[in-house]
Structure formats: structure tokens, C-alpha cells
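Survey of secondary and tertiary structure
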Amino acid sequence: MGRETESQFHVLAVDDSLFDRKMIERLLQKSSCQADESSHDPNATSTSPETHQEVEINLIITDYCMPGMTGYDLLKKVKESAAFKSIPVVIMSSENVPSRISRCLEEGAEEFFLKPVKLADLTKLKPHMMKTKMKKENEKLTKEENEVSKPEIKEDSTVIEILPLHQELESEQHEPMLSSNKRKAIEEVISTDRSRPKYNDITTSV
Amino acid sequence: MNTTIVAQLQRQFQDYIISLYQQGFLDNQFSELRKLQDEGTPDFVSEVVSLFFDDCAKLINNMSKSLERPENVDFKQVDSGVHQLKGSSSSVGARMVKNVCISFKECCDVQNREGCLRCLQQVDYEYKMLKTKLQDLFKLEQQILQAGGTIPQVDIN
């Protein structure tokens, strides 16, 4: 696998509980970090997006029970959206309701985790994220902008966008941006100088 | 580094944390939590635990208000609070708190105000008790680190 391509993962975590967001953030960091964490900012937490930048999401992980909108509703929206339907969605719930679980899986959720989520659960996710990542990498390479030089990345790191629920809902309304912004997005995403890419619109380029 | 002192402190730590598991204050999820902490994130557990206790105080306060007037109890709100409390206590490994939440939910489901009030009181007691215990545990951790030692891994299986 070419080490020249970016190997950062963007995970969108949706949960109305700050506590749960902190937990899932740490779980994600821990499950994907290599031994060398020097370039990885373990304190990077974002709950309020500041600047408008385009990023690609490799995974959406969402709570099921949320005020106003369930994880299932979010899943449906994602799957109905041309821009986002290829993004794997994982649903978490503290309640073990078999009919709920099968409904979510049928609707296209990749996994359904029972809370409390454990580290072992998270390691299942990497193949899902890699799958979409590789797909998108390949898509990019076949487009005209492939003279973009991609800097070498030595280690994996996970960038996690943690949005409180209402911001997630707002950003659902927006259309994807044009591909001319992709290069900018790539360069910003792989910067290990952690000015974390944040966004308040989902303007993911596909 | 005085190795005897460190060894003593480590022993104390180990005994203390094991007793917390044995007495049922903590369950396996707490050790899952400890696994997430490493040299890069040495305060993770204490931060998360602190968030949890803040949550407890807030939720208990809100539920108390909802239960205040017998003729006008907002059981939906109470149920939502219990749900959140159960979720976070379960994520943290706060076993006693979680168990009270189970009874609490049952009282809520049948709209038993008296039962809810009892559970509320109990959950308040339990989280505060756990808070004290964990504060002592974290103090021991700090003492070990200050004496130049490392925090022991503790397997409770």
C-alpha cells in the first residue's frame, strides 16, 4: 500500500452527550493510533467548528437515542443523500433491542454497537474506513487533478470531528463543493501541525 | 527514587483498586476505561470520571425539580435523566450507580413518585460515595508518580 497517500481518517461522531463524545473520541484515537504518538495530538477535541474547510468523512458513528432525531433517522438521511451514502455509518445504543438492531442493519448501518463501547468493538471499524478511503483515493487518482503531490505520511492518525447534534443537522442541508477544493482539503487534512480541520457545513468533495 | 516507598505505594494502590471492584463500586468497564489511558493521555480517566460526576450532579438536580410537586411530575423528563445516568455510569464502570438507575427506571415506568424519590436519594448517595473513593485512588496514583514510580496495571479477571 502506497505510503505516499494520506492515511488519516476522518470520523464524524454524533452524540448529544458530551461525556459520550469524549469517550468515543478517545476510543477512536486509541484504536487507530500507532505506537509513535508524537505527531498525534491526543488532546485534539473539537466540539465547535470554527472555520469552513472541506474534509472527507471516512466514517459516521452515531448514538441511536437523541432528542429530535434518532440515529436511525440520521442513517436514512445519509443513505438517501447522494453525497454521503457511501460513507459507512455505525450506530451505538445503550439498549439491546433486537428489532432496532436489525432495522438499522437493514437500512445500511455497517455495525451496531451496544454501549458501553469497548476498544475491541472499535478495531472492527478500521476495515470499513479503509474501504471507503481506498475507493476515494482511487477515484481521485483517475480525475484530472492527479498532479497534486501528496506528501509522505509516516503514521496513521485519526482526525475526529465531534459535532453536537444541532450542528450536524444544519450541515445535512448543504450540497457538496466542486472538486477544485480537493487539493486544499488534502493539504489541510494532512497537516500534522494541529490546526484541526473543522467545518460547519458538510461540503465533502466526492 | 526510593524503590521501597514506590513499591509500598504501588501495593496500596493495587489493594485499594481491587477492593473497589470486590465491594462492587466498580465493574469491568472501569478497567476498559483505564486501558484507554496512556502516556500521551495520563489524565484521561480522571477527566472522564470528573465529567461523569458533573453529569450526575446536573441530572440529579434536574430530576429533583421534576419530582418536586406531587401533582405535577414530569416523568418523561425523569426517565430521560435516568436513561442518561444509566448510560454514563455504565460507560464509566460505576456499578452501584448503574444498579440504582435500573430500579429508578422501573419506578419511573410505573410513575411511582415515592419510589423515584427514594432512588434519587440513593443515586445521589452512591455517586458521591464513588467520587470520594476515586479521589482517594487518584491521589494514590499521584503519589506513585511523584515518587518516580509507574501506575500498576491491575487485572481483575
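Here the structure is a predicted model, which is why all the values come from computation and not from measurement.

Further remarks concern empty space enclosed by the protein. A full pass over the atoms with the stated rule returns 4 cavities of 30 Å³ or more. Lining the second largest cavity we find Asp 20, Met 23, Ile 24, Leu 27, Met 92, Lys 115, Pro 116 and Val 117 of chain A together with Ser 91 of chain B. Among the residues making up the lining of the second largest cavity, the classes are represented as 6 nonpolar, 1 polar and 2 charged.

Another point: the nonpolar core. By size, the foremost hydrophobic cluster in this structure holds 63 residues, and its most contacted members are Ile 61 of chain A together with Phe 30, Leu 33, Met 63, Phe 104 and Leu 134 of chain B. Setting aside its immediate chain neighbours within four residues, Ile 61 of chain A contacts Val 11, Leu 12, Ala 13, Val 14, Ile 24, Leu 28, Val 90, Met 92, Phe 113 and Leu 125 of chain A. One finds Tyr 64, Ile 87, Ile 91 and Phe 112 of chain A within the second-largest nonpolar core, a separate group that totals 20 residues.

Attention now moves to the UniProt feature "domain: HPt" (unreviewed entry) in chain B. The UniProt record annotates "domain: HPt" (unreviewed entry) at residues 41–144 of chain B. Within residues 41–144 of chain B, the helical portion is 86% and the strand portion 0%, while the C-alpha atoms at the span's ends are 17 Å from each other.

Taking the numbering used here, the UniProt-annotated feature "modified residue: Phosphohistidine" (unreviewed entry) corresponds to His 83 of chain B. For His 83 of chain B, the position within the fold is in helix α4 (residues 75–92). Those residues within four positions of His 83 of chain B in sequence are excluded, and the remaining contacts are Cys 65, Ser 94 and Glu 95 of chain A. Reaching out from His 83 of chain B, the side chain makes a polar contact with the side chain of Glu 95 of chain A at a distance of 3.5 Å.

Turning our eyes to something else, we now look at the pairing of strand β2 (residues 59–63) of chain A. Residues and elements named next belong to chain A. Counting buried residues in β2 gives 5 out of 5 residues, a clear majority hidden from the surface. By the bridge criterion, 4 bridges tie β2 to strand β3 (residues 89–93) in an arrangement that is parallel. Within β3, the residue paired with Asp 63 across the bridge is Met 92. In the classification by handedness, the crossover that spans β2, the intervening helix α2 (residues 71–80) and the parallel β3 is right-handed.

What the rule picks out here adds up to 4 aromatic pairs over all chains. Each ring, one from Phe 52 of chain B and one from Phe 53 of chain B, has its centre 5.3 Å from the other, and the planes form 50 degrees; the classification is tilted. Here Phe 52 of chain B and Phe 53 of chain B have matching classes, each one buried. Through a chain of ring-to-ring contacts, three or more aromatic side chains come together here, namely Phe 19 of chain A together with Phe 52, Phe 53 and Tyr 127 of chain B. Of note, Arg 103 of chain A hangs over the ring of Tyr 72 of chain A, and the distance from its end group to the ring centre comes to 4.3 Å.

This paragraph deals with the environment of Gly 93 of chain B. Structurally, the position occupied by Gly 93 of chain B is in the loop between α4 and α5 (95–109). Between the alpha carbons of Gly 93 of chain B and Lys 35 of chain B there is a distance of 13 Å; along the sequence they are 58 residues apart.

Let us now look at the interface of chain B and chain A. In this complex, chain B contributes 21 residues to the contact, which on the side of chain A involves 17 residues. Where chain B abuts chain A, roughly 1,700 Å² becomes buried across the two surfaces, and 66% of that area is made up of carbon and sulfur atoms. Taken together, the links from chain B to chain A amount to 3 salt bridges. A salt bridge links Arg 26 of chain A to Asp 38 of chain B; the shortest N-O distance between them is 2.9 Å. Seen at the junction of chain B and chain A, the total is 6 residue pairs in polar contact (both at pLDDT 80 or more). If you list the elements that add at least two residues to the side of chain B that touches chain A, you get α2 (28–35), α3 (44–67) and α4 of chain B. The dominant element in the side of chain B that touches chain A, judged by the number of residues it contributes, is α3 of chain B, at 6 residues. Residues that form the side of chain B that touches chain A fall into these classes: 7 nonpolar, 9 polar and 5 charged.

Analysis parameters
- Residues numbered from 1 in each chain as written.
- Chains lettered and ligands numbered in written order.
- Predicted model: local features only at pLDDT ≥ 70, side-chain atom pairs only at ≥ 80, totals over all residues.
- Heavy atoms only, no water.
- 1 Å grid on protein atoms, 1.4 Å probe; cavity = no way out; pocket = protein on both sides within 12 Å on 5 of 7 lines; lining within 4 Å.
- Points joined across faces, edges and corners; volume = space filled by probe spheres on them.
- Nonpolar A, V, L, I, M, F, W, Y, C, P; charged D, E, K, R; others polar.
- Core = buried A, V, L, I, M, F, W, Y, C linked by side-chain atoms within 4.5 Å.
- Buried < 20%, exposed > 50% of the residue type's maximum accessible area, 1.4 Å probe, protein only.
- Contact = heavy atoms within 4.5 Å.
- UniProt positions renumbered as here; feature names shortened; annotations may be inferred.
- Helix = DSSP H or I, 4+ residues; strand = E, 2+ residues; numbered from the N terminus.
- Polar contact = N/O pair within 3.5 Å; in protein donor to acceptor, adjacent residues only side chain to side chain.
- Pairing = 2+ DSSP bridges.
- Right-handed = clockwise from strand over helix to strand, strands pointing away.
- Phe/Tyr/Trp six-rings, centres within 6.5 Å; stacked < 30°, edge-to-face > 60°.
- Lys NZ or Arg CZ within 6 Å of the ring centre and 35° of its normal.
- Buried area = accessible area lost by both parts, 1.4 Å probe.
- Salt bridge = Lys/Arg side-chain N within 4 Å of Asp/Glu carboxyl O.

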